[in-house]
Amino acid sequence: MMTSQPRSGLREWLTKLSALGLFCAMPIGIVHASPASAPRAYCAKVVNDDRVRPVPSSLGPAIKRLFNIGGAYALQTTSYRCADGKVMLCNVGANLACGKANLSKSLPGATAWCKDNPNSDFIPMAATGHDTIYAWRCANGIAVTGASISQVDARGFFVDNWKRLP
């Protein structure tokens, strides 16, 4: 027959855990926002978090509405981040970058392309990467930026690739 630990013993055990930082007493009913399971509550709490995270399945219907894709593929190819307390969604799709934009005006891939194509009037994204905001060309073997072809938001992400969760 099992005997239960007396209440005073339990209190002593909890006090020791608390002293070690292993236990925090919290009122029952408080729900803590988790980035994995509650993106809306998490973003409302942290306001801005530039980490691009996988989406929970609970966002599946919203992904369907915003990107017109569904199922496991939608969940695997969509990410979220927090901006101004709101959930922002990005689906990688074809050639779309969900990470921060690359604002560099010197890219190793572009430099290498221009060594082989010294006067090319364009440098393909296969050489520059899909995260650059510039159109690129070669001038006498040197990679040169052209016009900005993408806008970035205040946090450095591509404006056109991210949609706010309604």
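The structure we're discussing is the one just above.
Residues numbered from 1 in each chain as written. Predicted model: local features only at pLDDT ≥ 70, side-chain atom pairs only at ≥ 80, totals over all residues. Heavy atoms only, no water.

S.K.: For the overall build of the chain, give the residues involved together with the corresponding values.
M.R.: For the chain, the helix and strand inventory stands at 6 helices and 6 strands. Going from N to C terminus, the chain has its helices and strands arranged as α-α-β-α-α-β-β-α-α-β-β-β. Buried residues in the chain amount to 31% of all 166 residues. Within the chain, contacts between residues separated by at least 24 positions form 52% of all contacts whose residues are at least 6 apart in sequence. Surface exposure of the chain reaches about 10,600 Å², of which carbon and sulfur atoms provide 58%. (Helix = DSSP H or I, 4+ residues; strand = E, 2+ residues; numbered from the N terminus. Buried < 20%, exposed > 50% of the residue type's maximum accessible area, 1.4 Å probe, protein only. Contact = heavy atoms within 4.5 Å. Areas by Shrake-Rupley, 256 points an atom, 1.4 Å probe, with all protein chains shown as cover.)

S.K.: Before we move on, could you go through a positive patch on the surface and cite the residues and values that matter?
M.R.: Together, R40, R65, K86 and R164 line one region of the surface with positive charge. Mapped onto the elements, R40 comes out in helix 2 (residues 39–46). (Patch = residues over 30% accessible without salt bridge, like charges linked within 9 Å, V, L, I, M, F, W, Y side chains within 5 Å. Salt bridge = Lys/Arg side-chain N within 4 Å of Asp/Glu carboxyl O. Lys, Arg positive; Asp, Glu negative; His and termini not counted. Charge placed at Lys NZ, Arg CZ, Asp CG, Glu CD.)

S.K.: A description of the pattern of salt bridges should follow, citing residues and the corresponding values.
M.R.: One pass over the full model with this rule turns up 5 salt bridges. Residue D49 is joined to R53 by a salt bridge in which the shortest nitrogen-to-oxygen separation is 3.0 Å. Like R53, D49 is buried. Each member of the salt-bridge network shares a partner with another, and the members are D49, R51 and R53.

S.K.: How would you explain the pairing of strand 3 (residues 86–91) if you had to name every residue and give the values?
M.R.: The element strand 3 is extensively covered by neighbouring structure, given that 5 of its 6 residues are classed as buried. As defined by bridge partners, strand 2 (residues 78–83) adjoins strand 3 across 6 bridges and the pair is classed as antiparallel. Bridge pairing links T78 to N91 in strand 3. The turn joining strand 2 and strand 3, which pair antiparallel and follow one another in sequence, is formed by 2 residues; a positive phi near 55 degrees is taken by D84. Judged from the 3 bridges that link them, strand 3 and strand 6 (residues 162–164) form a sheet pairing that is antiparallel. Bridging from a neighbouring strand, C90 pairs with W162 of strand 6. (Pairing = 2+ DSSP bridges.)

S.K.: Pulling in residues and values, what's your account of the nonpolar core?
M.R.: With 14 residues, the main nonpolar core has I63, Y80 and L89 as its most contacted residues. Where this core is concerned, the elements lending two or more residues are helix 2, helix 3 (60–67), strand 2 and strand 3. Take this core: its biggest share by element is 3 residues, from helix 3. Not counting chain neighbours up to four residues away, the residues in contact with I63 comprise V55, N68, I69, A74, L75, T78 and L89. With 13 residues, the next largest nonpolar core counts C114, A127, A143 and F158 among its residues. (Core = buried A, V, L, I, M, F, W, Y, C linked by side-chain atoms within 4.5 Å.)

S.K.: Describe the environment of A36, naming the residues involved and giving the relevant values.
M.R.: Positionally, A36 belongs in the loop between helix 1 (7–19) and helix 2. Assessed through its relative accessible area of 56%, A36 is described here as exposed. Distance from A36 to P56, taken between C-alpha atoms, is 6.3 Å for residues 20 residues apart in sequence. Residue contacts for A36: discarding those within four places in its chain leaves P56 and Y80.

S.K.: Lay out unusual backbone geometry with the relevant residues and their values.
M.R.: Negative phi characterises most residues that are not glycine, and trans characterises most peptide bonds. With phi around 70 degrees, V47 is a residue other than glycine that occupies positive phi space. Among the structural elements, V47 can be located in the loop between helix 2 and strand 1 (49–54).

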